[in-house]
Amino acid sequence: MADRRLKDVIFYSLESASKAYRRFAQARLSAAGIDITIDQWLVLKTIHESADITLQQVGAAVFKDFASVTRIVQLLERKGLLCRKPHPSDGRRSELMLTKSGESVVRTVEPIAQGNRRQALDGIDAEEVARLRAVLKRITENCDAPR
């Protein structure tokens with residue numbers, strides 16, 4: 001049977017590729033002197049792209065639970081990259097906004113992230129990427145579908 005060995009299980013290969021990319025991307029951030037983690041970058045980028053987003057929505061976007069996102073947001077606040085203010089129309093929420101320093105980090109990291117993606121996808125053509133995206137979408141749908 002093909003899936004008897006762990007290295008032959010497709011989900012093991014997916015996790016291996018994902019971890020390798022995260023290590024690679026983190027090393028590139030560190031080499032550029034940028035003092036944030038990949039998870040912190042994802043939170044910054046998500047907030048940058050989405051006005052009026054809640055912590056729960058940030059968590060869903062970056063695949064983290066509420067407690068993890070709260071810790072990341074607190075770290076980003078301490079680093080001066082993000083601020084929280086009371087939401088003007090909903091007292092139960094906070095408004096998440098990047099500071100000028102946070103905006104600067106996003107501008108600095110963006111070309112590094114694009115370079116990371118280019119290098120990771122080197123030798124893989126657009127058709128292969130589209131097919132992979134379609135296959136991954138189908139796996140997600142299969143796992144999310146009620147049975």
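Residues numbered from 1 in each chain as written. Predicted model: local features only at pLDDT ≥ 70, side-chain atom pairs only at ≥ 80, totals over all residues. Heavy atoms only, no water.

K.L.:
Summarise the packing of helix α1 (residues 10-31) against helix α5 (residues 100-120); cite the residues concerned and give the values.
P.N.:
If you want to describe how two helices pack, look at the angle between their axes and the distance between the axes. For the pair α1 and α5, the least separation of the axes is 10 Å and the interaxial angle reads 140°. With respect to α5, the axis of α1 lies oblique. Of the two elements, α1 crosses α5, and the hand of that crossing is right-handed. Here Tyr-21, Phe-24, Ala-25, Arg-28 and Leu-29 of α1 come into contact with α5, specifically with Val-109, Ile-112, Ala-113, Gly-115, Asn-116, Arg-117, Gln-119 and Ala-120. Residue composition of the contact of α1 with α5, by class: eight nonpolar, three polar and two charged. (Axes fitted to C-alpha atoms, helices over the stretch in contact; angles between N-to-C directions. Helix = DSSP H or I, 4+ residues; strand = E, 2+ residues; numbered from the N terminus. Parallel < 35°, antiparallel > 145°, perpendicular 65-115°, else oblique. Left-handed = near helix turned anticlockwise from the far one by under 90°. Contact = heavy atoms within 4.5 Å. Nonpolar A, V, L, I, M, F, W, Y, C, P; charged D, E, K, R; others polar.)

K.L.:
For the environment of Thr-140, give the residues involved together with the corresponding values.
P.N.:
Position of Thr-140 relative to the elements: it lies in helix α6 (residues 126-144). Separated by 36 residues in the primary sequence, Thr-140 and Ser-104 place their C-alpha atoms 34 Å from one another.

K.L.:
Kindly report on the packing of aromatic side chains, identifying the contributing residues and their values.
P.N.:
For the structure shown, the criterion picks out one aromatic pair. Their ring planes at 55° and their centres at 6.2 Å tell us that Tyr-21 and Phe-24 sit as a pair that is tilted. Highlighted residues: Tyr-21 and Phe-24, both in helix α1, separated by three residues, approximately one helical turn. With relative accessibility at 28%, the residue Tyr-21 sits in the partly exposed group. Residue Phe-24 is classed as partly exposed on the basis of its relative accessible area of 24%. (Phe/Tyr/Trp six-rings, centres within 6.5 Å; stacked < 30°, edge-to-face > 60°. Buried < 20%, exposed > 50% of the residue type's maximum accessible area, 1.4 Å probe, protein only.)

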